[in-house]
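Structure at a glance
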Amino acid sequence: QVQLVESGGGLVQPGGSLRLSCAASGTIFDVSNMGWYRQAPGKQRELVATITSGEHTNYADSVKGRFTISTDNAKNMVDLRMNSLKPEDTAVYYCNADVRTTIRDWRYYPYWGQGTQVIVSS
C-alpha cells in the first residue's frame, strides 16, 4: 500500500506563513503528479497547487503569488510554502499523489493523505 503523511499545519495569524510537507511511502514504483488540496468548513475540497514529474506547477487563482509548491529530487515528497495567509485559507489541507505501485501495471492511481489542519485567525 501507499501512505501519504502530511505535516506542518497549525494556527497562524493573518499575514503569517506556514510550510506544509508531505511524504509518500510504501509500494512505490513511480510518482507522477503531486499536489495539495484543501477543504474549508462547509465547502467542497478544492485544488490548491499541483506539480508534475516534469516540475510544471499549477496554482489556484486564490493562492497565486502567495503559495509555492515544490518536490524533492526523488519526486515522492512535496512541500507547500504558504505566505501572506488569509482567514479564507483556513481549511484541512490534503496531500495528493498519483502513484504507480508496480512494474507490471503502467497505470497511476491517486492516493490521499489524512490531512493537516491550517487555521488562519487573529
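Residues numbered from 1 in each chain as written. Predicted model: local features only at pLDDT ≥ 70, side-chain atom pairs only at ≥ 80, totals over all residues. Heavy atoms only, no water.

Comments concerning the state of the cysteines
In the structure shown here, the tally under the stated rule is one disulfide. Shown here is the disulfide that connects cysteine 22 with cysteine 95, its sulfur atoms set 2.0 Å apart. Around the S-S axis, the bridge from cysteine 22 to cysteine 95 shows a dihedral of about -85 degrees and counts as left-handed. Taken together, the residues span a long stretch of sequence, with cysteine 22 in strand E3 (residues 18-26) and cysteine 95 in strand E9 (residues 91-100) at a distance of 73 residues. Of the residues examined, cysteine 22 reaches a relative accessible area of 2% and is grouped as buried. (Disulfide = S-S within 2.5 Å. Helix = DSSP H or I, 4+ residues; strand = E, 2+ residues; numbered from the N terminus. Buried < 20%, exposed > 50% of the residue type's maximum accessible area, 1.4 Å probe, protein only.)

Notes on the pairing of strand E5 (residues 46-51)
Two strands pair when backbone bridges link them, and strand E4 (residues 30-39) and E5 are joined in this way by five bridges, in the antiparallel orientation. Its bridge partner lying in E5, arginine 38 is registered against glutamate 46. Counted along the chain from E4 to the antiparallel partner E5, the turn is six residues long, and its residue glycine 42 has a positive phi close to 75 degrees. Bridging between E5 and strand E6 (residues 57-59) involves three bridges; their strand directions are antiparallel. (Pairing = 2+ DSSP bridges.)

Re the pairing of E3
Where strand E1 (residues 2-7) lies against E3, six bridges are found, and the strand directions are antiparallel. When the sheet's bridge partners are listed, valine 5 is paired in E3 with alanine 23.

Observations regarding the packing of aromatic side chains
Enumeration over the complete set of coordinates arrives at one aromatic pair. An angle of 65 degrees between the planes, with centres 5.0 Å apart, marks the rings of tyrosine 37 and tryptophan 112 as edge-to-face. Taken together, the positions of tyrosine 37 in strand E4 and tryptophan 112 in strand E10 (residues 109-112) put the pair 75 residues apart, joining distant regions of the chain. Tyrosine 37 gets classed as buried once you look at its relative accessible area, which sits at 18%. Take tryptophan 112: its relative accessible area is 35%, and that puts it in the partly exposed class. Sitting over the face of the ring of tyrosine 94, arginine 45 holds its NZ or CZ atom 3.7 Å from the ring centroid. Seen from the ring of tryptophan 112, arginine 45 lies directly overhead, with NZ or CZ sitting 4.8 Å from the centre. (Phe/Tyr/Trp six-rings, centres within 6.5 Å; stacked < 30°, edge-to-face > 60°. Lys NZ or Arg CZ within 6 Å of the ring centre and 35° of its normal.)

Points about the environment of threonine 90
When you line up the elements, threonine 90 lands in the loop between strand E8 (77-82) and E9. A relative accessible area of 17% means that threonine 90 is categorised as buried. For the pair threonine 90 and glycine 113, spaced 23 residues apart in the sequence, the C-alpha separation amounts to 18 Å. Among all residues touching threonine 90, those that are not within four sequence positions of it are Ala40, Pro41, Gln117, Val118, Ile119 and Val120. At 2.9 Å, the side chain of threonine 90 and the backbone oxygen of proline 87 are in polar contact. A distance of 2.9 Å separates a polar atom in the side chain of threonine 90 from the backbone nitrogen of valine 120. (Contact = heavy atoms within 4.5 Å. Polar contact = N/O pair within 3.5 Å; in protein donor to acceptor, adjacent residues only side chain to side chain.)

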